[in-house]
Amino acid sequence: MNMKKLNKYIMCLAVAGGLVSCEDKMDFADYNQLPQEEFWLTSEHAMQALTSCYGSFTSDWSYFDPTIMGPEEMASDNTSKGGSGGTQGNGDLNTFIDFSFTPSLARFNSLWKSRYSTINLCNQVLSNVPKIEMNETEKNEILGEASFIRAWCYFELVRLFGEVVIYDGLPSGGAYDIPKSSVEDVYKFILKDLEFGFNNMRKTAWEDQWKGRVTAWAARALEAKVKMYMASGENFMENGQAIGGVTWADVEKVTTDVIDNGIYDLFTERGDSSFYYLYRLQYENCVESIFESQNSVSGDRRASGSAYAYNSWIKGPSDGGFGYSVPSDKLVAEWQERYDTQNDLRYLYSIVWDGERLVDYHDKDGNLVQDIVEALPVIDGITGKARFNKKVYIPRDERCDYKKDWYLTQIEQNQRLFRFADILLIDAEAKLRNGNEGGALQSINRVRQRAGEPKLESLTLKQIWDERRFEFVFENDRYFDLVRTGEAKTVLAYKNWSYPKNVFYPVPQDQIDLSNGALKQNVHWE
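To keep things clear, this report deals only with the structure shown in the data block. (Residues numbered from 1 in each chain as written. Predicted model: local features only at pLDDT ≥ 70, side-chain atom pairs only at ≥ 80, totals over all residues. Heavy atoms only, no water.)

Regarding the overall build of the protein chain
Looking only at helices and strands, one finds 20 helices and 12 strands in the protein chain. A burial count over the protein chain gives 63% of its 526 residues as buried. Partitioning the contacts of the protein chain with sequence separation of at least 6, the portion at a separation of at least 24 is 70%. Of the roughly 19,500 Å² of accessible surface on the protein chain, a fraction of 47% belongs to carbon and sulfur atoms. (Helix = DSSP H or I, 4+ residues; strand = E, 2+ residues; numbered from the N terminus. Buried < 20%, exposed > 50% of the residue type's maximum accessible area, 1.4 Å probe, protein only. Contact = heavy atoms within 4.5 Å. Areas by Shrake-Rupley, 256 points an atom, 1.4 Å probe, with all protein chains shown as cover.)

Following this line, the structure appears as structure tokens:
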């Protein structure tokens, strides 16, 4: 049973702090209460609980709806709000265009709650599964996977908010109102989880029926990215120092291990079309994938459809998406400025334009139809021809129950959260900073070759950062890269981004109000 099918079996709906299974065995109480005592008896319970951790990425739409697009992509120079209707239709997303938001913005609260909801599910697993009598190898793998997912959530939180609350297990007596921890302590906690994951998860790829589950190498890969941010601390932390004393040599040691000994590679199976097919349904959880959200749809149930795809796809009469987080004027102009767009495969396969012909399909009556993009005449935040995120494109006849319902919540597309290309570009940056330009060129040119770009003969940090921008466009990484490298100070100046205030977002005011005085607002937001 693969992860998509398991999600269909386990997930019926999301509640505030837990998930309800089709057999009501995972009906946890609200976020700040302990689970039902009659659970946690068998290995099946352990697996169901772990699946709830994975499933929370898809059943809770605040993971990938405009809630996350605003602070993680629209806040950068890559995308504009999109959609239509000015202040209507998630108009509060416009506050990320000029950084005019306040701590009371509801989206910050959604971000905070959704991540801590998953952390709570992971802590349920980590606290209760050790007591279950079951195969020790399977138990350790489950605990390792829960540790990885918890680390992933904390990595998101520390990049978003800086100082956050660490819950290492279930607080005694439900005492969740505790102070924040320092940025350094949060990063160290993440590394501890990843070390545990690496030591306890399998180091080989999962069989087909379990594709989608992370491995020890996912923990090692995330360690590389986490350490990249820690080593970059001198560019964005107010003390001007690397976080926890991590060096670029530390980063390179991990990337080298993942590249030389791990189980990942670039997806090149479809030749020049590989970058396009990398995001299609048939190549989910492929050799390049380190971590994906496992979206699935069963019948009319839409709770775990792809919110990311639904909210990003075409806004107009030709399809039913919301069209948010659209390619900005600045992105298009700078991409065209840097590349020959007729040869850059990423440009062709990342942006879809009004009037573009997509894959022909058979309609509900069996007639062959040309699928031509028809967008609304006005899309918020951009000028010129309407355009959208092509990475979320799924041909109509590949959508679940498409003959019955064209609605885009029927898209099962996984969101690619972490790819091997990222490791190669982290490795390139680490090697260049460590004086190994030849090794850096080898890694970055692997990524460029798949994109149809010529090999570079020399290299600068700026070229690596540009490569990251265009490789991971619409994958919610650009804003964090701008902050990490210190480029936000200049690149985002036109959006009123200011240092050091905007290095981290404010702690949600709702959470401060609920904390009985335990949570304090971030410095510069008080």
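Still to come is the rest of the account.
A closer look at the packing of helix α7 (residues 183–200) against helix α8 (residues 216–231)
Two quantities define a packed helix pair, namely the angle between the helix axes and the distance between the axes. Two elements in contact, α7 and α8, have axes whose closest approach is 8 Å; the angle formed by their N-to-C orientations is 160 degrees. Taken together, the axes of α7 and α8 lie roughly antiparallel to each other. Considering only the axes of α7 and α8, their crossing is left-handed. Mapping the contact onto sequence places Y187, I190, L191, L194, G197 and F198 in α7 and A216, W217, A219, R220, L222, E223, V226, K227, Y229 and M230 in α8. Looking at the contact of α7 with α8 residue by residue, the classes come out as 12 nonpolar, one polar and three charged. (Axes fitted to C-alpha atoms, helices over the stretch in contact; angles between N-to-C directions. Parallel < 35°, antiparallel > 145°, perpendicular 65-115°, else oblique. Left-handed = near helix turned anticlockwise from the far one by under 90°. Nonpolar A, V, L, I, M, F, W, Y, C, P; charged D, E, K, R; others polar.)

A closer look at the packing of aromatic side chains
Going through the model one piece at a time under the given rule, you end up with 35 aromatic pairs. The aromatic ring of W206 is capped on one face by R213, whose charged end is 3.9 Å from the ring centroid. Here the basic side chain of K489 rests over the ring of Y499, its NZ or CZ set 4.3 Å away from the ring centre. (Phe/Tyr/Trp six-rings, centres within 6.5 Å; stacked < 30°, edge-to-face > 60°. Lys NZ or Arg CZ within 6 Å of the ring centre and 35° of its normal.)

Some points on the environment of E453
Mapped onto the fold, E453 is located in the loop between α16 (437–450) and α17 (461–471). You can call E453 buried: its relative accessible area is 12%. Sequence-wise, E453 and Y339 are 114 residues apart; in three dimensions their C-alpha atoms are separated by 8.6 Å. In contact with E453, not counting residues within four places along its chain, are Y339, N343, D344, R346 and R448.

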